Amino acid sequence: MQRTRQFWYGIGLGVLGIVMFSSKAVMVKLAYNYHVDAINVLLLRMLFSFPFYLIIAYLYSNQNTVVKPNNKDYLWLVFFGFVGYYLASYFDFVGLTYIKASLERIILFLYPTIVLLLNKFFLKQPINKIQWLAIGLSYLGIVFAFSDEVSISGSDTYLGGFFILLSAITYASYLVGSGWLIPKFGVMKFTAYAMIVSCVCVFVHYSLISELNLFSFSWEVYALGGAIAVFATVIPSFLVSASIKMISSSNFAIVAGIGPISTIVLAAIFLNERLTLLQLFGALVVILGILLVSLKKEQKS
């Protein structure tokens, strides 16, 4: 009885975490209504989340691991913080200036297939027939999802899709490349350090290219920036970690399937976005493919 209750509690935490993560794209699109660009919104996200990660880094600074990280490991951490959190986030926010939030989530959801492909071509890890089928299904779903959008939103859809795909590729590269490094730091410490690197990169980026005064935005932009940082970045990251610990990563892979669906629903409510039946079908095909990839990967491990 206690185990069953804990399992459903873990499911609830997972669902809440995924829905909160899914709200990020919607809040970013809302912020764009107040005449700010990608780097402005990304700056506020990092600015508001920065203190949380500093606290986490401090709390876990004395955490002991079996293998101690050396100076070279810290350089790799900086690199992966740059690629996995800074570049991936920047490409994502730029892409959202061109395409719908719901389509953004569908493309980002492809990252497990990109992880498989990167492992295949760079680490020589085999892909079985079911995984190839799942990959094919996922990309076929993307074709369906985008088939109507160009005629609806124009050729900028391709540009937006390209930036979101770059975001998925850089994030997948981070996952593939950093796997050997995380045990040397511990998950919480590594994540906090990588996010701090990302924050610093965004601060430097903003100082180099932006001519806007940091205090010149409307209050709505600050509110949305804070909400993206706290409710779509920091809190859901802990909820997801707790959920995986309670229900296992294979069960969480199924829960994660609600991500694109929740974004579609939230975008319809807050942004008045509408997808055609063909696009909705494409989204379901992508979700099916990714679930197949995730579950097969878990069974193999």
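Conventions and cut-offs
Residues numbered from 1 in each chain as written. Predicted model: local features only at pLDDT ≥ 70, side-chain atom pairs only at ≥ 80, totals over all residues. Heavy atoms only, no water. Patch = residues over 30% accessible without salt bridge, like charges linked within 9 Å, V, L, I, M, F, W, Y side chains within 5 Å. Areas by Shrake-Rupley, 256 points an atom, 1.4 Å probe, with all protein chains shown as cover. Salt bridge = Lys/Arg side-chain N within 4 Å of Asp/Glu carboxyl O. Helix = DSSP H or I, 4+ residues; strand = E, 2+ residues; numbered from the N terminus. Disulfide = S-S within 2.5 Å. Buried < 20%, exposed > 50% of the residue type's maximum accessible area, 1.4 Å probe, protein only.

## Some thoughts on a nonpolar patch on the surface
Together, Ile261, Val265, Ile269, Phe270 and Leu284 make up a nonpolar patch on the protein surface, roughly 500 Å² of accessible area in all. It is helix H13 (residues 258-270) that provides the largest number of residues to the nonpolar patch, a total of four residues. Examined against the element boundaries, Phe270 turns out to sit in helix H13.

## Re the state of the cysteines
As enumerated under the stated definition, the model contains zero disulfides in all. With no disulfide of its own, Cys199 has Cys201 as its nearest cysteine by sulfur position, at a separation of 9.2 Å. Given a relative accessible area of 0%, Cys199 falls into the buried group.

## Looking at the pattern of salt bridges
Tallied over the full model, the rule gives four salt bridges. Put simply, Asp92 and Lys24 hold a salt bridge, and the shortest N to O gap is 2.4 Å. Here Asp92 is found in helix H3 (residues 71-95), whereas its partner Lys24 is found in helix H1 (residues 2-31), with 68 residues between them in sequence. In this structure, the salt-bridge partner of Glu104 is Lys24, at a minimum N-O distance of 3.3 Å. Taken together, the residues Glu104 in helix H4 (residues 101-108) and Lys24 in helix H1 connect sequence positions 80 residues apart. Judged by its relative accessible area of 0%, Glu104 is buried. Each of Lys24, Asp92 and Glu104 takes part in a single network of salt bridges with overlapping partners.

Without other data, these values stay purely geometric and don't point to any function.
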